[in-house]
Amino acid sequence: KQWYQRRVRGVSNFSTPGSYCLYVANLPETSCKNCLLYQLFSPFGAITSVKAMNNVKSEATDHWFGFVNFNIYGDAANAVHAMNGSTLNGRTLRVDFKSEKKK
């Protein structure tokens, strides 16, 4: 766990040029959601960053989502294909490429 924390701690830019950012919705309740994201998606390829967060606008306290960055498009696409719609701890994950915010 310490190796993992040193590797991804402090990463603030989750969509750098040349990286492929995935949006992961409906994360289950766990003590270390960043660790969970890393463990779930690392089998698909090298991860450059992960970040889990809570939707503060939601009244539900368990509305967790996150972002996972890959350097290689094929790795990210394989992760989307394999993980979207999968069930984890009774929750169905939604995984897709992060879309740009509409202005």
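As the structure is a prediction and not an experimental result, all values here were calculated from the model.

### Description of the confidence of the model for the chain
A residue-level look at the chain finds 72% of positions with pLDDT of 70 or above and a mean pLDDT of 80. Highest mean pLDDT in the chain belongs to helix α3 (residues 73-83) (96); lowest belongs to helix α1 (residues 2-8) (37). Long-range and interchain partners of residues 1-14, a stretch whose pLDDT sits below 50, account for 17 contacts in this model, where long-range means more than four residues apart.

### Comments concerning the packing of aromatic side chains
For the structure shown, the criterion picks out six aromatic pairs. Aromatic side chains Y23 and F65 sit 5.9 Å apart centroid to centroid with 40° between the ring planes, which places their arrangement in the tilted category. One end of the pair, Y23, is in strand β1 (residues 20-27); the other, F65, is in strand β3 (residues 64-70), with 42 residues separating them in the sequence. Residue class for Y23 comes out partly exposed when judged on its relative accessible area of 26%. Taking relative accessible area as the criterion, F65 reaches 14% and is therefore assigned buried. Pairing Y23 with F67 gives two aromatic rings, centres 5.7 Å apart and planes at 55°, and the pair type is tilted.

### A short note on the pairing of β3
The buried fraction of β3 is high, at seven of seven residues. In β3, alternate side chains face the same way, and those of W64, G66, V68 and F70 on one face and F65, F67 and N69 on the other are all buried. In the sheet, β1 pairs with β3 via seven bridges, with the strands oriented antiparallel. From the neighbouring strand, V24 faces β3, where its bridge partner is G66. Two elements, strand β2 (residues 47-54) and β3, share seven bridges in a ladder whose sense is antiparallel. Directly across from K51, in β3, lies its bridge partner F67.

### Here we look at the sheet that holds β2
Taking strand neighbours across the sheet as the criterion, the four strands line up as β2-β3-β1-β6 in an open arrangement whose pairing is antiparallel. Looking at the sheet topology across the chains shown, the edges are occupied by β2 and β6 (94-97). Direction aside, the axes of adjacent strands within the sheet are offset by 15° on average. Each of β1, β2, β3 and β6 is contacted by helix α2 (residues 33-41), which is oriented at about 135° to β2, the strand it contacts most. Helix-sheet contacts for α3 involve β1, β3 and β6, and the interaxial angle to β6 is about 155°.

Reading the values: rules and limits
- Residues numbered from 1 in each chain as written.
- Predicted model: local features only at pLDDT ≥ 70, side-chain atom pairs only at ≥ 80, totals over all residues.
- Heavy atoms only, no water.
- pLDDT = per-residue confidence, 0-100.
- Helix = DSSP H or I, 4+ residues; strand = E, 2+ residues; numbered from the N terminus.
- Contact = heavy atoms within 4.5 Å.
- Phe/Tyr/Trp six-rings, centres within 6.5 Å; stacked < 30°, edge-to-face > 60°.
- Buried < 20%, exposed > 50% of the residue type's maximum accessible area, 1.4 Å probe, protein only.
- Pairing = 2+ DSSP bridges.
- Axes fitted to C-alpha atoms, helices over the stretch in contact; angles between N-to-C directions.

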